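# Residue-level structural notes
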Amino acid sequence: MKSLHVEGSGWLHRLSPRIKLVALAAFSVALFLTRDLVLLSAAVIVAAVFLQQTRLPLKDIAFRLRPVMLTILLVAAFSYAFVSANDATIALLRLTSLAFLATAVTITVSISQFMDEITLAAKPLEKLGLARAADIGLAVGLVVRFVPEIVNRYHAVKDAHRARGVPAKPGTIIVPVIIMTLKDADAIADAIDARGFRGQS
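Here is a short report on the structure shown in this document. Quantities reported herein were computed from a predicted structural model and do not represent experimental measurements.

Criteria and cut-off values
Residues numbered from 1 in each chain as written. Predicted model: local features only at pLDDT ≥ 70, side-chain atom pairs only at ≥ 80, totals over all residues. Heavy atoms only, no water. Helix = DSSP H or I, 4+ residues; strand = E, 2+ residues; numbered from the N terminus. Buried < 20%, exposed > 50% of the residue type's maximum accessible area, 1.4 Å probe, protein only. Polar contact = N/O pair within 3.5 Å; in protein donor to acceptor, adjacent residues only side chain to side chain. Contact = heavy atoms within 4.5 Å. Phe/Tyr/Trp six-rings, centres within 6.5 Å; stacked < 30°, edge-to-face > 60°. Salt bridge = Lys/Arg side-chain N within 4 Å of Asp/Glu carboxyl O. Core = buried A, V, L, I, M, F, W, Y, C linked by side-chain atoms within 4.5 Å. Patch = residues over 30% accessible without salt bridge, like charges linked within 9 Å, V, L, I, M, F, W, Y side chains within 5 Å. Areas by Shrake-Rupley, 256 points an atom, 1.4 Å probe, with all protein chains shown as cover. Axes fitted to C-alpha atoms, helices over the stretch in contact; angles between N-to-C directions. Parallel < 35°, antiparallel > 145°, perpendicular 65-115°, else oblique. Nonpolar A, V, L, I, M, F, W, Y, C, P; charged D, E, K, R; others polar.

## Examining the side chain of Lys20
With respect to the helices and strands, the residue Lys20 is situated in helix α2 (residues 17-31). On the basis of relative accessible area, Lys20 is assigned to the buried category, the value being 5%. A polar atom in the side chain of Lys20 sits 3.4 Å from the backbone oxygen of Leu15. Polar side-chain contacts of Lys20 include one of 3.1 Å to the backbone oxygen of Thr108. Residues in contact with Lys20, not counting those within four places in the same chain, are Leu12, His13, Leu15, Val105, Thr108 and Val109.

Shown next, in the form of structure tokens:
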């Protein structure tokens, strides 16, 4: 399966994954503590600068941002239609800046690094006997890993329909994607069991 992570040697890649994830969390909270359009506009610019520091070509960044930005623009369109222009602009700026910075983090943090940090953060839950930290890290890591793969499959099935001259309707695309995803999920579950990850104490 593919990941959004890209190997690199820039300073953003070398920065500690923990610092990047904590900064993303703090940035996300800060975005929703202000309604100042100037501050939110500045947040978009700052996030865009960090995204540029991944040193990926613009077309690659655009490819990674396209699904989430289309969703954000759709939400913004509904917001402008049903709420005030000020509130809609606030939502648009918040989501855009968050998408930019989150994309920068996913490009520069590998799945294994992400899982390690989630596992460490979940240690208190393990000490309380509420859950196994390793299981939480594995589950979150698999979800993050599956997301780009599902998006890629959706586009692959859609392109295959168009190539055969079949109308690319959501119903005829989603079903094959779900079936392929479930098959992969079974294979991954078998691999996890074979390595004894879920049986470790």
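## What about the packing of aromatic side chains?
Tallying each qualifying case throughout the model produces 2 aromatic pairs. Summarising the aromatic geometry, the rings of Phe78 and Phe82 are spaced 6.2 Å apart at their centres and angled 10° between planes, so their arrangement reads as stacked. Of this pair, Phe78 and Phe82 both sit in helix α4 (residues 58-82), 4 residues apart, which is roughly one turn of that helix. Overall, Phe82 belongs to the exposed group, its relative accessible area being 65%.

## A few points about the pattern of salt bridges
According to the stated counting rule, one finds 1 salt bridge in the structure shown. With a shortest N-O distance of 2.4 Å, Arg35 and Asp87 are connected by a salt bridge. In this pair, Arg35 is assigned in the loop between α2 and α3 (37-52) and Asp87 in helix α5 (residues 85-108), connecting sequence segments 52 residues apart. The class of Arg35 is partly exposed, set by a relative accessible area of 47%.

## A word on the nonpolar core
One finds Phe27, Leu51, Leu65, Met69 and Phe100 to be the most contacted residues of the largest nonpolar core, which totals 25 residues. Looking at this core, the elements with two or more residues in it are α2, α3, α4 and α5. Here this core gets 8 residues from one element, more than from any other, and that element is α5. Not counting residues up to four positions away in its chain, the partners in contact with Phe100 are Val44, Ala47, Ala48, Leu51, Leu65 and Met69.

## Considering a nonpolar patch on the surface
Together, Leu74, Phe78, Phe82 and Val83 give the surface a local cluster of nonpolar side chains, amounting to about 450 Å² of exposed area. Within the secondary structure, Val83 sits in the loop between α4 and α5.

## Things to note about the packing of α4 against α5
α5 packs onto α4 with a crossing angle of 170° between their chain directions and a minimal axis gap of 9 Å. The orientation of α4 relative to α5 falls into the category roughly antiparallel. Contact with α4, carried on its side by Arg64, Leu65, Val68, Met69, Ile72, Val75, Ala76, Ser79 and Tyr80, involves Ala85, Ala88, Thr89, Leu92, Leu95, Thr96, Ala99, Phe100, Thr103 and Ile107 of α5 and no other residues of that element. Among the residues making up the contact of α4 with α5, the classes are represented as 14 nonpolar, 4 polar and 1 charged.

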